[in-house]
Amino acid sequence: MRYFDHNATHPLSAAARAAWLDAVERFPANPSSPHRWGARAATALDEAREKLAARLGCSPFELVWNSGATEAINASIQHLATTADGELWYSAIEHPCTVASAQRWFAGRQRAIPVRRDGVVDWDWIATELPRQRPAAIALMAANNETGVLQPWSGVRELCAQQGLPCLVDAAQWVGKLPAHGLGRSDFLAGCAHKFGGPQGVGFMKCPAKFHPLLVGGPQEDGRRAGTENVAGILALVAALEERETALELPGRRLPAVLEPRLAWRDRFIADLKTALPGVEIVGEGAPRLWNTVAALMPAAADCRRRWVVKLDKLGFAVSTGSACASGKEQPSHVLAAMGYRTDESDRMLRFSAGWDTTEEDWRALLDAIRQAATELQVV
Ligand code: PLP
């Protein structure tokens, strides 16, 4: 199977797998235990925290290990709801875990920030509304999971800092694909391992020292997240990230060298797709996007998205209709709706998301398979 669904989960990298296996051998004990084996596991966690903090540009004491971005966002939003007055503003294209957390914890005091047609959050809306009303906090994702469109999280965070407002950045799709440095300056930050080659079910958040925990029980993570840490998962997360970050290092260049060919392969695929299937529209094409993601409105076929996915699956290609969480329910994409697409348009969206091991040949083969699927679905 050629896999084009990395925005849902990136398969485990060799470095992460080796780190995981090594950790379960070397650190079998509970990091909270009082004996030497426990202390060794706790030290391994501290070293991992230091490495992550160095990559993000924050203090290790500000980082908390957890089960992933959904938990990080739930925890951050419930903390904000219990400690700050006013509304939570979040972009209308946030991941469902942010939207649902806002609805739960900020019920009756939440507002969606509009986005432009190209999928970028409406910066002017924020600048106009902020002087009129002071929210409790602003939540913005760094990169959108469905379209790959990059968001101006750094500018919004600076604006928040000037106003003394907390800013929550969901970096689940950014970390491990683009350099992480600077993300650590956000007041609240969410990330997870399985989007860049670490294991599923492990992630981190950045939060203040005085934090109202979502999970209560033991004193782990300085009282900010109860529950025994996933030591092997955390060490695997850091191993995967170190590998990605090393590849993304920028020795005096604007664009990391490792991204140049990958952007070229993506753009060639887009150009060839449009030639092969006139009428295909690339969502967010005018905006800066992740190097790995192509969200395309395909030609209409009855029950279009499912038929495309099934046909491509039979041809040996795993692709998606959008967010893994939303696609199970087959509801219209709230992301495309916020961008102004009608349901009959968003129903035609397929998402192709490459990974670090995807090759130029994989992109070419995907195009050939789409051509064949289009003929079989009689859309050309
Ligand atoms: N935020 C974004 C942008 C995502 O893409 C995802 C995963 O799909 C999440 C949050 C949730 O992450 P996790 O699977 O770690 O809970």
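Our structure is the block above this text.
Caption draft 1: Representation of the pattern of salt bridges in the model. Across all of its chains, the model carries 25 salt bridges by this definition. With its nearest N and O atoms 2.7 Å apart, the salt bridge here joins Arg49 to Glu221. Of this pair, Arg49 sits in helix α2 (residues 36–56) while Glu221 sits in the loop between β8 (203–206) and α7 (231–247); the two residues are 172 residues apart in sequence, bridging distant segments of the chain. For Arg342, the salt bridge identified is with Glu345, shortest N-O distance 3.7 Å. Several salt bridges share partner residues, and in doing so they unite Glu87, Arg111, Glu129 and Arg132 into one network.

Caption draft 2: Just the site of the ligand, in detail. Taken together, 13 residues surround the ligand, and among them Thr70, Asp170, Gln173, His194 and Lys195 come closest. A distance of 2.8 Å separates an oxygen atom of the ligand from a polar atom in the side chain of Gln173. Look at the ligand: alone it shows 390 Å² of surface, and the protein chains cover 89% of it.

Caption draft 3: Structural view of the packing of aromatic side chains. Under the definition given, this model contains six aromatic pairs. An angle of 85 degrees between the planes, with centres 5.3 Å apart, marks the rings of Trp153 and Trp174 as edge-to-face. Of this pair, Trp153 sits in helix α6 (residues 153–163) while Trp174 is found in the loop between β6 (167–170) and β7 (188–192), placing the two residues 21 residues apart along the sequence. Accessibility expressed as a relative area gives 12% for Trp174, which makes it buried.

Caption draft 4: Representation of the sheet that holds strand β9 (residues 281–282) within the structure. Taken in spatial order, the three strands make up an open sheet running β9-β10-β12, and their pairing is antiparallel. Of all strands in the sheet, those with a lone pairing partner are β9 and β12 (349–353), marking the two edges. Two elements, β9 and strand β10 (residues 293–297), share two bridges in a ladder whose sense is antiparallel. From the neighbouring strand, Glu281 faces β10, where its bridge partner is Leu297. On top of the sheet, helix α8 (residues 259–276) reaches β9, β10 and β12; it is set at about 15 degrees to β10, its chief contact.

Caption draft 5: Examining unusual backbone geometry more closely. For Asp222, which is not a glycine, the phi torsion comes out positive at approximately 55 degrees. For Asp222, the location among the structural elements is in the loop between β8 and α7.

Caption draft 6: A look at the layout of surface pockets. Empty space within the second largest pocket amounts to approximately 240 Å³. As for the second largest pocket, its lining consists of 14 residues, and the residues nearest its centre are Leu150, Leu178, Leu255, Pro256 and Leu259. When grouped by side-chain class, the residues that make up the lining of the second largest pocket number 12 nonpolar, no polar and two charged. Three or more residues apiece are contributed to the lining of the second largest pocket by two domains, here domain 1 (2–9 + 254–377) and domain 2 (14–247).

Thresholds applied
Residues numbered from 1 in each chain as written. Predicted model: local features only at pLDDT ≥ 70, side-chain atom pairs only at ≥ 80, totals over all residues. Heavy atoms only, no water. Salt bridge = Lys/Arg side-chain N within 4 Å of Asp/Glu carboxyl O. Helix = DSSP H or I, 4+ residues; strand = E, 2+ residues; numbered from the N terminus. Near = heavy atom within 4 Å. Polar contact = N/O pair within 3.5 Å; in protein donor to acceptor, adjacent residues only side chain to side chain. Areas by Shrake-Rupley, 256 points an atom, 1.4 Å probe, with all protein chains shown as cover. Phe/Tyr/Trp six-rings, centres within 6.5 Å; stacked < 30°, edge-to-face > 60°. Buried < 20%, exposed > 50% of the residue type's maximum accessible area, 1.4 Å probe, protein only. Pairing = 2+ DSSP bridges. Contact = heavy atoms within 4.5 Å. Axes fitted to C-alpha atoms, helices over the stretch in contact; angles between N-to-C directions. 1 Å grid on protein atoms, 1.4 Å probe; cavity = no way out; pocket = protein on both sides within 12 Å on 5 of 7 lines; lining within 4 Å. Points joined across faces, edges and corners; volume = space filled by probe spheres on them. Nonpolar A, V, L, I, M, F, W, Y, C, P; charged D, E, K, R; others polar. Domains from an automatic or database assignment.

Any functional reading would require information beyond the geometric quantities listed.
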